[in-house]
Every structure is written in C-alpha cells, then in structure tokens.
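Residue strings, one per chain:
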Amino acid sequence: MEMKREQVKVFRLPFEKKVSCGILNDSYRWGNPLATSLEQFLWSEAFHVPLNKISEEGCVPLEFNSLREAMEKLAEEMSKLAWTLAGVLAGNLGHAGQSFTENCDGSTCFLRLNRYPPCPFSPEIFGLMPHTDSDFLTILYQDQVGGLQLMKDSKWVAVKPNPDALIVNIGDLFQAWSNDVYKSVKHKVVTNERVERYSIAYFMCPSYDSLIGSCRETSLYKQFTFGEFRRQVQEDVKKTGLKIGLPRFLL
Ligand SMILES: O=C(O)CCC(=O)C(=O)O
Ligand SMILES: [Fe+2]
C-alpha cells in the first residue's frame, strides 16, 4: 500500500526534522509531555493532520508531495466510507438524510498517522492510553503487528489484525447525538517488545462551531459545540492527566 510506504518514510526522518520543519502544518506529536506517571508515558509518535491543510498551498513542503498525494487519496476513500456508515447508523435512529453530517465535510476531519516503536522496557507502558475518540466516527487501519484492545463488557479484548478489514469506532459525538444509543468505545494500544507497529486513523469531525445535541427527547447531555468539547478535554488532560469527556456534559 502506497500510504503505508509513505508513512514509514516520513517516520524514518530524523526527530529534529519531524519536529521542526513544519511537515504537515506542525502536526507532529510524540509521547506525552504532560506525563506525571508511568501509565501516562506514551510510547508512540504521530502526525495528526487537519484535512483542510493537506491541500492548502504552502502547508506541505514540496519534498513531501508523494506523502501528501497518498494522504489525499486515502482521505477521499475514508470519507466516502465514513459518510456511508454514518448515514446508515443515523438512518437506524430514524434520521436519514438530514443529520449531524451537515456541519461536517471533508475539510473538518483529521487523518492521524501513528507509529509505535518497539518498547523493550515494560509491557505496562502504553502505546496509547485508554481513551475514547472525540469525534463522530473513526475508521482505523492497523498493520499486522497487533496491539489495539477495546473494552467490551468491562474487559479488554484484543482486536486481531485482519489485512482485509478496517476497524470502525463510534466516537463521543455520535454517543451524545444518539443520546447513548451508540456508545463511544474505550480503546488503548499496548506496546510490543520487538516490533514496531503502524496505524492510520480517519476521524470524522464537524467544524468547531457546530452544535452537538441529542437527536432524541430528554437529552442526557447539555448541548455543546465541538470547540467547547475539545477545549474541555484539553483542559482536563492538562489538569489531571486524563480525559474526562462526555460525563462532563451530563445534565
Ligand atoms: O493505533 C491504533 O490502533 C489506535 C489509534 C487510536 O486509537 C487513535 O489514534 O486515536
Ligand atoms: Fe483512538
């Protein structure tokens, strides 16, 4: 897969280059600078890229043109899939056609390239801490290494790699919109002692000023904008090291 090749190539660049040269609009993240304990110490690096920046002139240096092209192509396919799935899921609740996707177009979404280096120190160090995604829907591609686990009936279940399948996760916004009919799935990534792992996530997000409210009467949550939600999540993470998420907005 072309995208995978480009992904490996960009992560192989020297650290300094990834941090400093503004590749993909300064979207490079690594570890957790706010970690105060071992569980918060993330063994991963990522490019978290707003899709409206990919095609914008000047945002992706010329030398990364092939990466940009691969991301554009992938984002286009992922978005078609995301819209189809969101349509089906919303339709199941009697909201076919008009729905939350009004304030959501390709440009408000994100593509995240993840890399998890081998971690020889402790299996207790997370690649990614347990979290739910702050979006409507996530479409995820994982390679064959494995490491993704999700919470099912209060137990962690490993998601077995399947080269022919994508993983679709419900995010917080879909949970709020569906008034808890659909649940945002808690997931984490465990590290591997010997092998590096790659994944790519497409996050279906609305614009920051979109109002998220329940599609049903007697809403469980107060209405909030996506921007408010993001700010609250970031504030909580900064203060406590943990994302609180939707419970913050319960009525
Ligand atoms: O790498 C994975 O399998 C999961 C990535 C993920 O959960 C995320 O980027 O939010
Ligand atoms: Fe996630």
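Conventions and cut-offs
- Residues numbered from 1 in each chain as written.
- Chains lettered and ligands numbered in written order.
- Predicted model: local features only at pLDDT ≥ 70, side-chain atom pairs only at ≥ 80, totals over all residues.
- Helix = DSSP H or I, 4+ residues; strand = E, 2+ residues; numbered from the N terminus.
- Rg over C-alpha atoms; globule rule 2.2 N^0.38 Å.
- Buried ≥ 20, exposed ≤ 12 C-beta atoms within 10 Å, placed from the backbone.
- Contact = placed C-beta atoms within 7 Å.
- Pairing = 2+ DSSP bridges.
- Axes fitted to C-alpha atoms, helices over the stretch in contact; angles between N-to-C directions.
- pLDDT = per-residue confidence, 0-100.
- UniProt positions renumbered as here; feature names shortened; annotations may be inferred.
- Near = placed C-beta within 6 Å.
- Core = buried A, V, L, I, M, F, W, Y, C linked by C-beta atoms within 7 Å.
- Expected span 1.5 Å × (residues − 1).

Brief notes about the overall build of the protein chain
No. 1: Check the secondary structure of the protein chain and you find six helices and 12 strands.
No. 2: Relative to a compact globule of 251 residues, whose C-alpha radius of gyration would be 18 Å, the protein chain shows 18 Å and is just as compact.
No. 3: Here the protein chain holds 251 residues, and the buried ones make up 33% of them.
No. 4: Considering only intrachain contacts with a sequence separation of at least 6, the fraction spanning at least 24 residues in the protein chain is 74%.

What to know about the sheet that holds strand 9 (residues 187–190)
The strands making up a sheet associate through hydrogen bonds between their backbones, and the pairing can be parallel or antiparallel.
No. 1: On the basis of which strands lie adjacent, the open sheet formed by four strands has the order 4-9-6-7 and antiparallel pairing. Taken across any chain shown, the strands that pair with only one partner, and hence form the sheet edges, are strand 4 (126–131) and strand 7 (155–158). For this sheet the average axis-to-axis angle between neighbouring strands, irrespective of direction, equals 30°.
No. 2: Direction of pairing for strand 4 relative to strand 9: antiparallel, over a ladder of three bridges.

A look at the pairing of strand 3 (residues 110–116)
No. 1: Looking at chain direction, strand 2 (residues 45–50) and strand 3 are connected through six bridges and run antiparallel. In the sheet register, Glu45 faces strand 3, and the bridge partner there is Arg115.
No. 2: Bridge count for strand 3 against strand 10 (residues 197–204) is seven bridges, and the pairing is antiparallel. Its bridge partner being in strand 10, Arg112 is matched across the sheet by Ala201.

Side note on the confidence of the model for the protein chain
Low pLDDT means the predicted atomic positions in that stretch should not be read closely.
No. 1: Confidence in the prediction for the protein chain averages 91 pLDDT; 97% of positions are at 70 or higher.
No. 2: At the level of chain-chain contacts, confidence expressed as ipTM amounts to 0.99, with global pTM at 0.94.

What to know about the UniProt feature "domain: Fe2OG dioxygenase" (unreviewed entry) in the protein chain
No. 1: Sites flagged by UniProt as "domain: Fe2OG dioxygenase" (unreviewed entry) map to residues 105–206.
No. 2: Counted over residues 105–206, helix gives 6% and strand 43%. Its end C-alpha atoms are 7 Å apart.

A look at the site of ligand 1
No. 1: Around ligand 1 sit Arg112, Asn114, Leu128, Asp133, Leu140, Gln142, Leu148, His187, Val189, Ser199 and Ala201, and those are all the residues in its vicinity.
No. 2: Mapped by element, the contributors of at least two residues to the shell around ligand 1 are strand 3, strand 5 (137–142), strand 9 and strand 10.

Some words on the sheet that holds strand 5
No. 1: A sheet is described by the order of its strands in space; here six strands give the open sequence 1-2-3-10-5-8, paired in antiparallel fashion. Two strands close off the open sheet at either side, each with one partner strand: strand 1 (28–30) and strand 8 (167–170). Averaged over all adjacent pairs, the angle separating strand axes in this sheet is 20°, with direction ignored.
No. 2: Sheet topology places strand 5 next to strand 10; six bridges connect them, and they run antiparallel.

Observations concerning the nonpolar core
No. 1: Of all hydrophobic cores here, the largest spans 48 residues; its most connected members are Met71, Ala75, Leu111, Phe136, Leu137, Tyr202 and Met204.
No. 2: Setting aside residues no more than four positions away along its own chain, Leu137 makes contact with Ala82, Leu85, Ala86, Val168, Ile170, Gly171, Phe174 and Met204.
No. 3: Core analysis: the second largest hydrophobic core is formed by eight residues, Trp43, Leu128, Leu148 and Val189 among them.

A short note on helix 4 (residues 65–92)
One full turn of an α-helix is made of 3.6 residues, so residues set three or four places apart face in the same direction.
No. 1: With 28 residues, helix 4 should reach 40 Å at 1.5 Å per residue; the first-to-last C-alpha distance of 40 Å fits that figure.
No. 2: Of all the residues in helix 4, the buried ones are Leu67, Arg68, Ala70, Met71, Leu74, Ala75, Met78, Ser79, Ala82, Ala86, Leu89 and Ala90.
No. 3: Here the buried face of helix 4 lies against helix 1 (2–11), strand 2, helix 3 (51–54), strand 3, strand 5 and strand 10.
No. 4: Just downstream of helix 4, Gly94 is the residue with a positive phi angle, here 80°.

Section: the environment of Thr218
No. 1: Positionally, Thr218 belongs in the loop between strand 11 (211–212) and strand 12 (224–225).
No. 2: When the 7 C-beta atoms within 10 Å are taken as the criterion, Thr218 is described as exposed.
No. 3: Along the sequence, Thr218 and Leu140 sit 78 residues apart, while their C-alpha atoms lie 32 Å from each other.

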